[in-house]
Amino acid sequence: MVNRLKATLADFFQQADLVLLALCCVSTLFGAALIFSATRYLGSNRFILVQLAAMVIGVCMYITFSMVDLEVLMKRWKWVLAFNVLFILLLRTPFGASEGGNRAWLRFPFLPVSIGPAEVVKITYTLLLAKQLEWLREEKRDLKSFPAALTVGGHALAMCGFYFLISKDMGNGLVFFFIFLCMAFAAGFALRWFALLLAGTSGAVAAAWTLGLMPPYMQGRFLALFDHTYDPLGVGWHQNRSLLTLGAGGMFGQGYLHGTQTQSSSSWSLPGRHTDFIFSVCGEELGMVGCLVIIALLAAIIIRVLLVAKNAQTSFHCYVCVGMAAMLIFQTLINVGMCLFIMPTIGITLPFFSYGGSSIVTLYAAMGVVSGIKKRSPTMRRPGRTLR
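Procedures and definitions
Residues numbered from 1 in each chain as written. Predicted model: local features only at pLDDT ≥ 70, side-chain atom pairs only at ≥ 80, totals over all residues. Heavy atoms only, no water. Pairing = 2+ DSSP bridges. Helix = DSSP H or I, 4+ residues; strand = E, 2+ residues; numbered from the N terminus. Core = buried A, V, L, I, M, F, W, Y, C linked by side-chain atoms within 4.5 Å. Buried < 20%, exposed > 50% of the residue type's maximum accessible area, 1.4 Å probe, protein only. Salt bridge = Lys/Arg side-chain N within 4 Å of Asp/Glu carboxyl O. Contact = heavy atoms within 4.5 Å. Axes fitted to C-alpha atoms, helices over the stretch in contact; angles between N-to-C directions. Parallel < 35°, antiparallel > 145°, perpendicular 65-115°, else oblique. Left-handed = near helix turned anticlockwise from the far one by under 90°. Nonpolar A, V, L, I, M, F, W, Y, C, P; charged D, E, K, R; others polar. pLDDT = per-residue confidence, 0-100. Expected span 1.5 Å × (residues − 1). Phe/Tyr/Trp six-rings, centres within 6.5 Å; stacked < 30°, edge-to-face > 60°. Lys NZ or Arg CZ within 6 Å of the ring centre and 35° of its normal. Polar contact = N/O pair within 3.5 Å; in protein donor to acceptor, adjacent residues only side chain to side chain.

Novice: Before we move on, could you go through the pairing of strand S2 (residues 102-106) and cite the residues and values that matter?
Specialist: Here strand S1 (residues 96-99) pairs with S2 via 3 bridges, running antiparallel. Counterpart to Gly96 in the pairing with S2 is Leu106. Joining the antiparallel neighbours S1 and S2 is a turn of 2 residues, in which Gly100 adopts a positive phi near 65 degrees.

Right under this line is the structure:
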């Protein structure tokens, strides 16, 4: 058993993408330092300990998923699809928990932290979508017809709609949709289908707004986005405090552990500072320079994933990597936009930086999938050795 474990680890260090792992670890440690500062006023180390424990588990998941053969796994795609549906349906059992109006968390009595099903399902959903796209391209040789667009688009919209109906969580529902858009574009779907989808989506949103079908709280978030004076003590409260926090940092910040809003225990200080608004914490204490470091680290991770996609051995592997990159891109853009008050508040955390045990673990698992794809890509290997 010990010898087998040693052989597995030796194979991992010889062939896995250690550069990607290093970027993930540096980002998580940077985020952990910000979380420590953001929760210091509470007088508890629970958040930082959970984050670091999640990172350790995440690294183990990275190693594990680097060894998984996705082609073998996706031969049981029906089981993967069933898992997606049943795992989301757990939100409607007594284990489901509501927070901020969304029933998007699972709380089990034997676990110290909550689990977000969307975080896990993003990975398996991406794998299913990639397999579907490969089947249409390789077997049917059909990516531009209406039936092909309807097949994949129907899968994506069904998942988005199903998740939203169960959880009322619009943020992660949009993540599923953006993953589909990027993967479909990479696969070569005709641009007319994207134009039709955009027109249909815009019409549906306009109709829902006009007919009063959109929930008032959701309408308020968009109204506040275009008018920062709209309900400043209600809907616009979080983002107004975020702008104030970011602006107070200037170029180099007020100093680590010295942010006025970050270190305040007042009810008027920045809310959600260790989760949705961790970027604002960085802006106040480390300034624009610190924020640029965050963006640079996330950009490096995304570029690394896209490079693996470019050199992937099969179209299936390529689409998987594109989906993983799309997940990171969307969450980064939305979260930073939320902090800058140019995107609506929809509860999207900043990858690798925001507090969240299930988020960290699943992000490492997703990057482990990418590492495993790189290991199996002969174009990324050097002569005389398997992988860097």
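Novice: Would you mind going over unusual backbone geometry in detail, with residue names and values included?
Specialist: For Leu257, which is not a glycine, the phi torsion comes out positive at approximately 70 degrees. Mapped onto the elements, Leu257 comes out in the loop between helix H11 (237-249) and helix H12 (278-310). Its identity is not glycine, yet Phe341 carries a phi of approximately 65 degrees, on the positive side. Considering the arrangement of structural elements, one finds Phe341 in the loop between helix H13 (315-339) and helix H14 (357-375).

Novice: Requested: an account of the nonpolar core, with residues and values cited.
Specialist: For soluble globular proteins, the rule of thumb is that nonpolar side chains tend to be buried together. In this structure, Phe189, Met324, Phe352 and Met367 are the most contacted members of the largest nonpolar core, which totals 109 residues. Top contributing element to this core by residue count: H13, with 15 residues.

Novice: If you had to explain the pattern of salt bridges to someone new, which residues and values would you point to?
Specialist: Applying the stated criterion to the full structure yields 5 salt bridges. For Arg304, the salt bridge goes to Asp17, with nearest N and O atoms at 3.1 Å. Of this pair, Arg304 sits in helix H12 while Asp17 sits in the loop between helix H1 (2-15) and helix H2 (18-39), and the two are 287 residues apart along the sequence. Residue Arg304 shares its accessibility class with Asp17, and that shared class is buried. Asp17 is the partner of Lys374 in a salt bridge, and the nearest nitrogen-oxygen pair spans 3.7 Å. With Lys374 in helix H14 and Asp17 in the loop between H1 and H2, this pair connects stretches of sequence that are 357 residues apart. Just as Lys374 is buried, Asp17 falls in that class too. A cluster of three or more residues bridged by salt bridges with shared partners is formed by Asp17, Arg304 and Lys374.

Novice: I'd like to hear about the side chain of Gln239, residue by residue, with values.
Specialist: Assignment of secondary structure puts Gln239 in helix H11. Leaving out residues up to four positions away in the same chain, Gln239 has contacts with Phe277, Met338, Phe341, Met343, Pro344 and Thr345.

Novice: Would you mind going over the packing of helix H8 (residues 170-187) against helix H9 (residues 191-210) in detail, with residue names and values included?
Specialist: At a minimum axis distance of 11 Å, the contact between H8 and H9 shows a crossing angle of 160 degrees. By the angle between their axes, H8 is roughly antiparallel relative to H9. Judged by the twist between their axes, the crossing of H8 over H9 is left-handed. In this structure, H8 contributes Phe177, Phe180, Leu181, Ala184 and Phe185 to the contact, and H9 contributes Leu191, Phe194, Leu197 and Thr201. Split by residue class, the contact of H8 with H9 holds 8 nonpolar, 1 polar and no charged.

Novice: Outline the confidence of the model for the protein chain, listing residues and values.
Specialist: Across the protein chain, the average pLDDT comes to 90, with 97% of residues at 70 or higher. Low pLDDT (under 50) marks residues 382-388, which in the prediction has 15 contacts with non-local residues, meaning those over four places away or in another chain.

Novice: How would you explain H11 if you had to name every residue and give the values?
Specialist: In an α-helix there are 3.6 residues to a turn, and that puts residues three or four apart on one side. End to end, H11 covers 19 Å across 13 residues, agreeing with the expected 18 Å (1.5 Å per residue, within 8%). Turning to H11, its buried residues are Trp237, Gln239, Arg241, Ser242, Thr245, Leu246 and Gly249. For H11, the secondary structure elements touched by its buried residues are H12 and H13. Looking at the residues trailing H11, positive phi occurs at Gly250, about 60 degrees.

Novice: Can you lay out the packing of aromatic side chains for me, pointing to particular residues and giving the numbers?
Specialist: In this structure the tally under the stated criterion is 12 aromatic pairs. Consider the rings of Trp237 and Trp268, whose centres lie 5.3 Å apart with planes at 70 degrees: the pair is edge-to-face. Of the two residues, Trp237 sits in helix H11 while Trp268 sits in the loop between H11 and H12, which places them 31 residues apart along the sequence. A relative accessible area of 14% places Trp237 in the buried class. Taken together through their ring pairs, the aromatic side chains of Tyr125, Tyr163 and Phe176 make up a single cluster. The side chain of Lys131 reaches across the aromatic face of Phe316, ending 5.3 Å from its centre. The residue whose ring lies beneath Arg273 is Tyr41, and the NZ or CZ to ring-centre distance is 4.2 Å.

Novice: Could you give an account of the environment of Leu165, naming the residues involved and the relevant values?
Specialist: Turning to its location among the elements, Leu165 is positioned in helix H7 (residues 146-167). Residue class for Leu165 comes out exposed when judged on its relative accessible area of 58%. Residues Leu165 and Met367, 202 residues apart in the sequence, show an inter-C-alpha distance of 29 Å.

Novice: Describe the environment of Tyr62, and please don't skip the residues or the numbers.
Specialist: Structurally, the position occupied by Tyr62 is in helix H3 (residues 46-66). As a C-alpha pair, Tyr62 and Ala184 span 122 residues in sequence and 26 Å in three-dimensional space. What Tyr62 contacts, discounting residues up to four positions off in sequence, is Phe12, Asp17, Leu20, Leu21, Tyr364, Met367, Gly368 and Ser371. For Tyr62, the side chain forms a polar contact with the main-chain oxygen of Asp17, separated by 2.7 Å.

Novice: Could you give an account of the side chain of Thr262, naming the residues involved and the relevant values?
Specialist: Position of Thr262 among the secondary structure elements: in the loop between H11 and H12. Within polar-contact distance, the side chain of Thr262 engages the side chain of Glu284 at 2.7 Å. Leaving out residues up to four positions away in the same chain, Thr262 has contacts with Ser37, Ala38, Tyr41, Arg273, Val281, Glu284 and Glu285.

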